[in-house]
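Here are the chains, one letter per residue:
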Amino acid sequence: MSLLALEFMRNAFIAGGCIALAAGLVGYFVVLRNQVFTADALGHVAFTGGLGGALAGLNILAGVFGSCIAVGLAVGALGGRGRGRDVAIGTVFAWVLGLGVLFLSLYTTARSAAAGTLGVSVLFGSILGLQPAQVVVGSLTGIATAAVLLLIARPLLFLSVDPDVAVARGVPAGGLTALFFILVAVTVAESVQAVGALLIFGLMVTPAAVAQNLSTRPWVAMALSAAIAVAVVWLGLVLAFYVALPASFLITALAFAVYVGSGLARRMSHAGGLA
């Protein structure tokens, strides 16, 4: 039987591809702007927000998206990076993750022990178990996020590489930064469905890191990041269909393998140039 003959596999390919496209594009700027820590921290927020929404009787996606966007805007409002800011954010987000554990405990106690599988789903993803509504939301959100990112890519690239000159040239730094953090938050929220809150790096950071190992040209690297993200998701789904291993693990493992390979290729290229 063809894997695409199964509805749940078609759903996974469609939603996974759209989510990965957005993650690869947004992730390129996350790595370029050295804001990897923020993307990781938002994964903690997604975990807590999703469980908080479920505990309140709301849709999990509503809790995930709402919490990520709100915190993303708050982080963006803090301005530039700095050791003090990172320490404060790390401390708060560690507490947020602990709060998520409390929400999971309360949710499980209020229902049944079987309800604890919700926490596993939010933490590690459930791309093969997406419901039709989740497929629609994930796909449309992924496409919209990618489209908005491409629309602002040129001024955002200018602001990321040379912020002082960009501001002097009239680039609206505050508004553009806020919009970028909204895109990061939305991407983290939608990626939770594919790889879970703890494995966000597999889609947002690793493909972008690979792309930057392979090319120093921004537009080429952006395209590579998106293509690699989509490729590892689709290949991970194919492998998950034939072997008894979680799709989220296979997706992140493939991304890591490509990253290691790109690092070796870059070292060999530099060694060859020195020779």
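Here the structure is shown first, and the text comes after it.
Now for a description of the structure that goes with this document. No experiment lies behind these values; they were computed from the predicted model shown. (Residues numbered from 1 in each chain as written. Predicted model: local features only at pLDDT ≥ 70, side-chain atom pairs only at ≥ 80, totals over all residues. Heavy atoms only, no water.)

Within the secondary structure, Ile228 sits in helix H11 (residues 218–242). Setting aside anything within four residues of it in sequence, one finds Ile228 in contact with Pro207, Val210, Ala211 and Val258. (Helix = DSSP H or I, 4+ residues; strand = E, 2+ residues; numbered from the N terminus. Contact = heavy atoms within 4.5 Å.)

In this structure, Phe29 and Met204 are the most contacted members of the largest nonpolar core, which totals 70 residues. Among the elements that make up this core, the one with the highest residue count is helix H1 (residues 7–32) (13 residues). In this view, Phe29 contacts Leu149, Ala153, Leu156, Leu157, Ser160, Phe180 and Met222; residues no more than four positions away in its chain are not counted. (Core = buried A, V, L, I, M, F, W, Y, C linked by side-chain atoms within 4.5 Å. Buried < 20%, exposed > 50% of the residue type's maximum accessible area, 1.4 Å probe, protein only.)

Under the definition given, this model contains 5 aromatic pairs. For the ring pair Phe180 and Phe181, a centre distance of 5.8 Å and an interplane angle of 65° mean the geometry is edge-to-face. Arranged with centres 5.0 Å apart and planes meeting at 90°, the rings of Phe241 and Tyr242 form a pair that is edge-to-face. Residue classification places Phe241 among the partly exposed residues on the basis of a relative accessible area of 27%. (Phe/Tyr/Trp six-rings, centres within 6.5 Å; stacked < 30°, edge-to-face > 60°.)

The next subject is the packing of helix H10 (residues 206–214) against H11. Between two packed helices, what matters for the description is the angle formed by their axes and the separation of those axes. Where H10 meets H11, the closest approach of the two axes is 8 Å, and the angle between their N-to-C directions is 135°. One element, H10, and the other, H11, form an angle in the oblique class. For H10 against H11, the interelement crossing comes out right-handed. Counting all contacts with H10, which are made through Pro207, Ala208, Val210, Ala211 and Leu214, the residues of H11 involved are Ala221, Leu224, Ser225, Ile228 and Ala229. Split into classes, the residues belonging to the contact of H10 with H11 amount to 9 nonpolar, 1 polar and no charged. (Axes fitted to C-alpha atoms, helices over the stretch in contact; angles between N-to-C directions. Parallel < 35°, antiparallel > 145°, perpendicular 65-115°, else oblique. Left-handed = near helix turned anticlockwise from the far one by under 90°. Nonpolar A, V, L, I, M, F, W, Y, C, P; charged D, E, K, R; others polar.)

By secondary structure assignment, the location of Leu140 is in helix H6 (residues 132–161). The sequence separation of Leu140 and Cys18 amounts to 122 residues, and the corresponding C-alpha distance is 7.7 Å.

Below, the discussion takes up the environment of Leu150. In this structure, Leu150 sits in helix H6. Taking C-alpha positions, Leu150 is 8.1 Å from Leu25, a pair spaced 125 residues apart along the chain.

A separate point is a nonpolar patch on the surface. Taken together, the side chains of Leu235, Leu239, Tyr242, Val243, Leu245 and Phe249 define a hydrophobic patch exposed on the protein surface, amounting to about 560 Å² of accessible area. Sort the elements by how many residues they give to the nonpolar patch and H11 lands first, with 3 residues. With respect to the element layout, Val243 can be found in the loop between H11 and helix H12 (247–274). Take Val243: its relative accessible area is 37%, and that puts it in the partly exposed class. (Patch = residues over 30% accessible without salt bridge, like charges linked within 9 Å, V, L, I, M, F, W, Y side chains within 5 Å. Areas by Shrake-Rupley, 256 points an atom, 1.4 Å probe, with all protein chains shown as cover. Salt bridge = Lys/Arg side-chain N within 4 Å of Asp/Glu carboxyl O.)

Looking now at helix H2 (residues 36–55). A rise of 1.5 Å per residue sets the reference length of H2, with its 20 residues, at 28 Å; its end C-alpha atoms lie 29 Å apart and thus fit the reference within 8%. Counted residue by residue, H2 has 16 buried out of 20 residues, so it is predominantly covered. The positive-phi residue at the C-terminal boundary of H2 is Gly57, with phi of around 85°. (Expected span 1.5 Å × (residues − 1).)

Look at H1 against H11: their axes get within 8 Å of each other, and the N-to-C directions meet at 150°. On the basis of the axis angle, H1 is roughly antiparallel to H11. The hand of the H1/H11 crossing is right-handed. Residues Met9, Ala12, Phe13, Gly16, Gly17, Ala20, Leu21, Gly24, Leu25, Tyr28 and Phe29 of H1 form the contact with H11, whose own contacting residues are Pro218, Ala221, Met222, Ser225, Ala226, Ala229, Val230, Val233, Trp234, Leu237, Val238 and Phe241. When grouped by side-chain class, the residues that make up the contact of H1 with H11 number 19 nonpolar, 4 polar and no charged.

Right, let's talk about H6 for a bit. Between its first and last C-alpha atoms H6 spans 40 Å; for 30 residues at 1.5 Å apiece the expected length is 44 Å, and the two agree. Of all bends in H6, the biggest is about 60°, found at Ala153, and the proline Pro155 comes one to four residues later. (Bend = angle between axes of the 7 residues up to and from the residue.)

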